[in-house]
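A look at the structure
For reference, the chains in residue letters:
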Amino acid sequence: MPRTRASRPGRRAGLLEFAILGLLHDGPLHGYELRKQLTNALGIFRALSYGSLYPALRALVAAGHISATAPEPQPLAGTRARITYQLTAQGKEHFQGLVREAGPATWDDDDFDVRLAFFARTEAQVRLRILEGRRSRLEERLEHMREAALARRERMDSYTLALQQHTEDRAEREVRWLEELITAERRGAHPSGSPPPREAARTTQPRPAAYPTSSDPTHPQTAHIETKE
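Residues numbered from 1 in each chain as written. Predicted model: local features only at pLDDT ≥ 70, side-chain atom pairs only at ≥ 80, totals over all residues. Heavy atoms only, no water.

**A closer look at the overall build of the protein**
- Helix and strand content of the protein: seven helices and three strands.
- Seen in sequence order, the protein has helices and strands lined up from the N terminus as α-β-α-α-β-β-α-α-α-α.
- Within the protein, contacts between residues at least 6 apart in sequence are counted, and of these 65% link residues at least 24 apart.
- Looking at the protein as shown, the accessible area adds up to about 13,600 Å², and 52% of this sits on carbon and sulfur atoms. (Helix = DSSP H or I, 4+ residues; strand = E, 2+ residues; numbered from the N terminus. Contact = heavy atoms within 4.5 Å. Areas by Shrake-Rupley, 256 points an atom, 1.4 Å probe, with all protein chains shown as cover.)

Structure representation (structure tokens):
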């Protein structure tokens with residue numbers, strides 16, 4: 001599915017604070033450890049810098065949602081001590097309020113990815129609302145893509161057509177994956193802490209080619225790019 005990276009700065013900052021609170025819910029962490037987990041686990045923060053992380057931490061400390069423990073004096077000169085950040089009781093309450101949100105903003109690309117990372121701490125009814133909203137959002141997106149493609153199909157070259165098909169395929173795979181998650185939630189098959197089905201493990205049948213097949217590996221049909229889900 002296409003990613004909407006043009007999120008408002010305030011929304012992205014809110015997602016970062018939400019993710020920090022969620023990670024600290026499992027226990028205290030240093031800034032270095034926080035950044036490592038954020039960049040490794042959540043794609044939206046893959047390029048997260050300390051210049052973005054530490055202002056967010058300071059804002060959470062000022063709000064009383066986390067505490068910063070001053071390091072012990074270091075015996076060796078030049079050794080930089082690490083500050084430990086810990087969730088406060090107020091921060092836990094604030095995080096619990098955030099994970100109860102299930103409005104349209106939680107269905108967006110980056111928002112949904114971050115929310116999904118903390119589904120184990122989210123109530124089942126809220127998870128279901130988010131999943132159903134996300135599915136509806138993608139179904140609307142697919143419909144618009146197909147309408148636009150139909151209107152422009154005669155003007156598309158084979159490469160543009162291949163990209164269009166590839167984008168539709170990704171969205172269709174995610175819709176089917178969401179349907180599996182929704183079915184599991186309704187059956188109560190994924191209680192808190194239980195991992196959901198992996199979208200990457202899904203298999204789909206290739207769609208018929210919209211242009212002649214070529215044995216040339218550089219041809220857009222044979223050079224179809226697999227996405228990381």
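**What to know about helix α2 (residues 31–41)**
- For α2, the complete set of buried residues consists of G31, L34, L38 and T39. Angular distribution of buried residues about the axis of α2 spans 120°; they occupy a single face of the element. Structural note: α2 exposes N40 and A41 on the side pointing more than 90 degrees away from its buried face. (Buried < 20%, exposed > 50% of the residue type's maximum accessible area, 1.4 Å probe, protein only. Arc of directions from axis to C-beta.)

**Considering the packing of aromatic side chains**
- Summed over the entire model, instances satisfying the criterion amount to four aromatic pairs.
- Residues F95 and F118 carry aromatic rings whose centres are separated by 6.1 Å and whose planes lie at 85° to one another, so their mutual orientation is edge-to-face. In this pair, F95 sits in helix α4 (residues 89–98) while F118 sits in the loop between α5 (109–117) and α6 (124–152), placing the two residues 23 residues apart along the sequence.
- Using a relative accessible area of 8% as the deciding quantity, one classes F118 as buried.
- Linked through ring pairs, F18, F95 and F118 together constitute an aromatic cluster.
- The cationic tip of R35 hangs over the ring face of Y50; the distance from NZ or CZ to the ring centre is 4.8 Å.
- Taking NZ or CZ as reference, R115 lies 4.4 Å from the ring centre of F18, over its face. (Phe/Tyr/Trp six-rings, centres within 6.5 Å; stacked < 30°, edge-to-face > 60°. Lys NZ or Arg CZ within 6 Å of the ring centre and 35° of its normal.)

**Side note on the side chain of R134**
- Locating R134 in the fold gives a position in helix α6.
- Under the relative-accessibility criterion, R134 is labelled buried at 0%.
- Among the polar contacts made by the side chain of R134, one reaches the main-chain carbonyl oxygen of W107 at a distance of 2.8 Å. (Polar contact = N/O pair within 3.5 Å; in protein donor to acceptor, adjacent residues only side chain to side chain.)

**As for the nonpolar core**
- I20, L24, L34, L38, F45, I66 and V114 are the most contacted members of the largest nonpolar core, which has 27 residues in total.
- Residue assignment for this core shows that the elements contributing at least two residues are α1 (9–24), α2, α3 (50–62), β3 (84–87) and α4.
- Here the element with the most residues in this core is α1; it accounts for eight residues.
- Ignoring any residue separated from it by four or fewer positions in sequence, one finds L24 in contact with L29, L34, I66, Y85, Q86 and L87.
- In this structure, A102, L142, A171 and W177 belong to the second largest nonpolar core, which totals 16 residues. (Core = buried A, V, L, I, M, F, W, Y, C linked by side-chain atoms within 4.5 Å.)

**Notes on the confidence of the model for the protein**
- Of the residues in the protein, 74% reach a pLDDT of 70 or more, and the chain-wide mean stands at 78.
- Low pLDDT, under 50, characterises residues 1–9; the predicted model gives this stretch 20 contacts beyond four residues in sequence or across chains. (pLDDT = per-residue confidence, 0-100.)

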